Amino acid sequence: MRILNWLTNRAKYLVPGAVAFCLLLLAFDLFAFWALGRRPVVSTLEMRTVMWALLIGSGCTYIARWAILGEAQARRALAATVSVMVLVSALHPWLNGWGRDAAAPVAPTLVASPDDHSAEALVFAGGALSEPEAGRW
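Our subject in this report is the structure included herewith.

Rules behind the numbers
- Residues numbered from 1 in each chain as written.
- Predicted model: local features only at pLDDT ≥ 70, side-chain atom pairs only at ≥ 80, totals over all residues.
- Heavy atoms only, no water.
- Helix = DSSP H or I, 4+ residues; strand = E, 2+ residues; numbered from the N terminus.
- Contact = heavy atoms within 4.5 Å.
- Areas by Shrake-Rupley, 256 points an atom, 1.4 Å probe, with all protein chains shown as cover.
- Axes fitted to C-alpha atoms, helices over the stretch in contact; angles between N-to-C directions.
- Parallel < 35°, antiparallel > 145°, perpendicular 65-115°, else oblique.
- Left-handed = near helix turned anticlockwise from the far one by under 90°.
- Nonpolar A, V, L, I, M, F, W, Y, C, P; charged D, E, K, R; others polar.
- Expected span 1.5 Å × (residues − 1).
- Buried < 20%, exposed > 50% of the residue type's maximum accessible area, 1.4 Å probe, protein only.
- Arc of directions from axis to C-beta.
- Phe/Tyr/Trp six-rings, centres within 6.5 Å; stacked < 30°, edge-to-face > 60°.
- Salt bridge = Lys/Arg side-chain N within 4 Å of Asp/Glu carboxyl O.

Quick look at the overall build of the chain
Here is step 1: The helix and strand tally for the chain stands at four helices and two strands.
Here is step 2: Shown N-terminal to C-terminal, the secondary structure of the chain runs as helices and strands in the order α-α-α-α-β-β.
Here is step 3: Contacts in the chain between residues at least 24 apart in sequence constitute 53% of all its contacts with a sequence separation of at least 6.
Here is step 4: Of the accessible surface of the chain, which amounts to about 8500 Å², a share of 68% is contributed by carbon and sulfur atoms.

And the structure:
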């Protein structure tokens, strides 16, 4: 019974911990891509699915707590979760087109004009945290 009590007392940190994990994963991927030139961890389908499942599940949990229990704190937590979703969508290099898998060459490029080559995407053939291919698209 003590173990169950201990687990239920700490369960309130599970959902905020999931959101914090996604935020840390975003920060790590930004560092890995821009500073080290490596493929982000969230570029794999599995990690992308895990990250969005955690964020969507956290958002649904806060919606339910706000709607059913009427917790005022749930509104702020929901706003923070939605903010993390927006940050991930806007800043993550794999989700906004700065990086691309070599197996998907038909993905849209970021080149604004034919003369501007500064906004080209990096192409990766390996798995997570691998180096990009020699050429840029």
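So that's the structure; there's more coming.
Structural notes on the packing of helix α2 (residues 14-35) against helix α3 (residues 45-69)
To describe two helices that pack against each other, one gives the angle between their axes and the distance between the axes.
Here is step 1: Contact pair α2 / α3: the axes reach a minimum separation of 9 Å and the direction vectors enclose 140°. Between α2 and α3, the angle is such that the two are oblique. Seen from above, α2 lies across α3 with left-handed handedness. Only Met 47, Met 51, Leu 54, Leu 55, Ser 58, Thr 61 and Tyr 62 of α3 make contact with α2, whose side of the interface consists of Val 15, Pro 16, Ala 18, Val 19, Phe 21, Cys 22 and Leu 25.
Here is step 2: For the contact of α2 with α3, the residue count by class is twelve nonpolar, two polar and no charged.

Describing helix α4 (residues 73-91)
Here is step 1: Taking 1.5 Å as the rise per residue, α4 with 19 residues should run 27 Å; its terminal C-alpha atoms sit 27 Å apart, in good agreement.
Here is step 2: Residues of α4 that are buried: Ala 74, Ala 77, Leu 78, Thr 81, Val 84, Met 85 and Val 88. Take α4 and look down its axis: the buried residues cluster within an arc of 120°, on one side only. Away from its buried face, by an angle of more than 90 degrees, α4 presents the exposed residues Arg 76 and Val 86.

Concerning the packing of aromatic side chains
Here is step 1: Applying the stated rule across the entire model yields two aromatic pairs.
Here is step 2: Taken together, a centroid distance of 4.8 Å and an interplanar angle of 90° make the contact between Phe 33 and Trp 34 edge-to-face.
Here is step 3: Relative to Trp 98, the ring of Trp 34 lies with its centre 5.6 Å away and its plane at 70°, an arrangement referred to as edge-to-face. Here the residue Trp 34 occupies a position in helix α2, and Trp 98 occupies one in the loop between α4 and β1 (99-101), the gap between them amounting to 64 residues.
Here is step 4: In this structure Trp 98 comes out as partly exposed when scored by relative accessible area, which is 27%.
Here is step 5: Through pairs of rings, three or more aromatic residues link up here, namely Phe 33, Trp 34 and Trp 98.

Some remarks on the packing of α3 against α4
Here is step 1: The contact between α3 and α4 brings their axes to 8 Å, and the two run at 160°. Classed by the angle they form, the pair α3 and α4 counts as roughly antiparallel. The element α3 and its partner α4 pack so that their crossing is left-handed. Within the contact between the two elements, α3 uses Met 51, Trp 52, Leu 55, Ile 56, Ser 58, Gly 59, Tyr 62, Ile 63, Arg 65 and Trp 66 and α4 uses Ala 74, Arg 75, Ala 77, Leu 78, Thr 81, Val 84, Met 85, Val 88 and Ser 89.
Here is step 2: When its residues are assigned to classes, the contact of α3 with α4 shows 13 nonpolar, four polar and two charged.

Looking at the pattern of salt bridges
Here is step 1: Counted under the stated rule, the structure contains one salt bridge.
Here is step 2: Here Arg 65 and Glu 71 are joined by a salt bridge, their closest N and O atoms 2.8 Å apart.
Here is step 3: Taking relative accessible area as the criterion, Arg 65 reaches 31% and is therefore assigned partly exposed.

Some points on α3
Here is step 1: Compared with the 36 Å implied by 1.5 Å per residue over 25 residues, the 35 Å span of α3 between its first and last C-alpha is a close match.
Here is step 2: Met 51, Leu 55, Ser 58, Gly 59 and Tyr 62 are the residues of α3 that are buried.
Here is step 3: Against α2 and α4 lie the buried residues of α3.
Here is step 4: Backbone geometry just downstream of α3 places Gly 70 in the positive-phi region, at approximately 70°.

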